[in-house]
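Next come the chains, spelled out residue by residue.
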Amino acid sequence: MQLVVGRIGRAHGIKGEVTVEVRTDEPELRLGPGAVLATDPAGVGPLTIETGRVHSGRLLLRFAGVGDRNAAEALRNTLLIADVDPDETPEDPEEFYDHQLMDLDVITVDGTAVGRIAEISHLPSQDLFIVERPDGSEVMIPFVSEIVTEIDLEGQIAVIDPPLGLLDTDQAEIDSARDAEAEAGAGAEPQAGTADAHGAEEGEK
């Protein structure tokens, strides 16, 4: 099975190095020197990693046969693809490959069906589940432990505990309006003898 493990960014320096947006939880394994990677577009590859290092928090790679800045810049936006055994699993039990998560049924902690995972989006800040709902609409679920409470590969389900408004945008707009009204009300001059008590009670909650 082929998995996208990185995307080439801009050239770095003049000796052929490129920055790489890492899309794997195992960069040492997938993006180490000697690794041979397929590419998208296919005509650019395969690419063999010659050297790798971290600079200012970014992964820098140099590929065999890419020896100057112009050649490196020509690789910009190329996806790097690794061949992975479909039965292989990450060493960390809390990590998953994309193909393991695709098509899982998503339900809430109270058992309400939400939809199925149709796509996984890897953003710099976090990963997102793109969940297709029964009516054909989509909802984005951040793949963080506070929201995705369980991944059951055997049962083929992902259990989520969504914050208010994540699934129901109408409710989020109502709550936002209420918050705005509350803030506007807080700016009004309070009646004598009530403001301090109200503030104290709020502070104790």
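**A few points about the overall build of the protein chain**
A tally of helices and strands in the protein chain yields 5 helices and 12 strands. For the protein chain, buried positions account for 30% of its 205 residues. Summarising the internal contacts of the protein chain: among those between residues at least 6 apart in sequence, 47% fall at separations of at least 24. If you sum the accessible surface of the protein chain, you get close to 12600 Å²; carbon and sulfur atoms cover 49% of it.

**Concerning the environment of D68**
Here D68 lies in the loop between β5 (58-63) and α2 (69-73). Residue classification places D68 among the partly exposed positions, given a relative accessible area of 37%. Separated by 52 residues in the primary sequence, D68 and G16 place their C-alpha atoms 4.2 Å from one another. In contact with D68, not counting residues within four places along its chain, are I14, K15 and G16. At 2.8 Å, the side chain of D68 forms a polar contact with the backbone nitrogen of A71.

**Notes on the nonpolar core**
The biggest cluster of nonpolar side chains holds 21 residues, and the ones touching the most others in it are L31, L61, F63 and L80. Every element with two or more residues in this core is listed here: β1 (2-12), β2 (17-22), β4 (47-55), β5 and β6 (79-83). Those residues within four positions of L61 in sequence are excluded, and the remaining contacts are G16, E17, V18, V20, L31, I49, T51, G52 and L80. Within the second largest apolar cluster, 16 residues are counted, among which are I117, F129, I141 and I160.

**What to know about the environment of A74**
As for its placement among the helices and strands, A74 is situated in the loop between α2 and β6. The exposure class of A74 is exposed, given its relative accessible area of 62%.

**Describing the pattern of salt bridges**
Taken as a whole and judged by the stated rule, the model has 5 salt bridges. Here E17 and R53 are joined by a salt bridge, their closest N and O atoms 2.8 Å apart. In this pair, E17 sits in strand β2 while R53 sits in strand β4, placing the two residues 36 residues apart along the sequence. Of the residues examined, E17 reaches a relative accessible area of 9% and is grouped as buried. A relative accessible area of 39% means that R53 is categorised as partly exposed. Taking the shortest distance from any N to any O, the salt bridge between E132 and R116 comes out at 3.6 Å.

**Side note on the sheet that holds β4**
With antiparallel pairing, 6 strands are arranged side by side around a closed barrel as β1-β2-β5-β4-β3-β6. Between one strand axis and the next, the sheet turns by 50° as a mean value, whatever way the strands run. For β4 and β5, the ladder comprises 6 bridges, and the chain directions are antiparallel. Bridging across to β5, I49 finds its partner in F63.

**Some words on the sheet that holds strand β10 (residues 138-142)**
On the basis of which strands lie adjacent, the open sheet formed by 6 strands has the order β10-β9-β8-β7-β12-β11 and mixed pairing. Looking at the sheet topology across the chains shown, the edges are occupied by β10 and β11 (148-152). The sheet shows a mean angle of 35° between the axes of neighbouring strands, taken without regard to direction. With 3 bridges connecting them, strand β7 (residues 105-108) and strand β8 (residues 113-122) associate as antiparallel partners. The residue of β8 that forms the bridge with D105 is R116.

**Digging into the pairing of strand β9 (residues 127-132)**
Across 6 bridges, the pairing between β8 and β9 is antiparallel. Counted as the bridge partner of R116 is E132 from β9. Alignment of β9 against β10, held across 5 bridges, turns out to be antiparallel. Bridge pairing links L128 to P142 in β10. If you look at the hairpin formed by β9 and β10, you'll find 5 residues sitting between the two strands, and G136 has a positive phi there, around 95°.

Basis of the calculations
- Residues numbered from 1 in each chain as written.
- Predicted model: local features only at pLDDT ≥ 70, side-chain atom pairs only at ≥ 80, totals over all residues.
- Heavy atoms only, no water.
- Helix = DSSP H or I, 4+ residues; strand = E, 2+ residues; numbered from the N terminus.
- Buried < 20%, exposed > 50% of the residue type's maximum accessible area, 1.4 Å probe, protein only.
- Contact = heavy atoms within 4.5 Å.
- Areas by Shrake-Rupley, 256 points an atom, 1.4 Å probe, with all protein chains shown as cover.
- Polar contact = N/O pair within 3.5 Å; in protein donor to acceptor, adjacent residues only side chain to side chain.
- Core = buried A, V, L, I, M, F, W, Y, C linked by side-chain atoms within 4.5 Å.
- Salt bridge = Lys/Arg side-chain N within 4 Å of Asp/Glu carboxyl O.
- Pairing = 2+ DSSP bridges.
- Axes fitted to C-alpha atoms, helices over the stretch in contact; angles between N-to-C directions.

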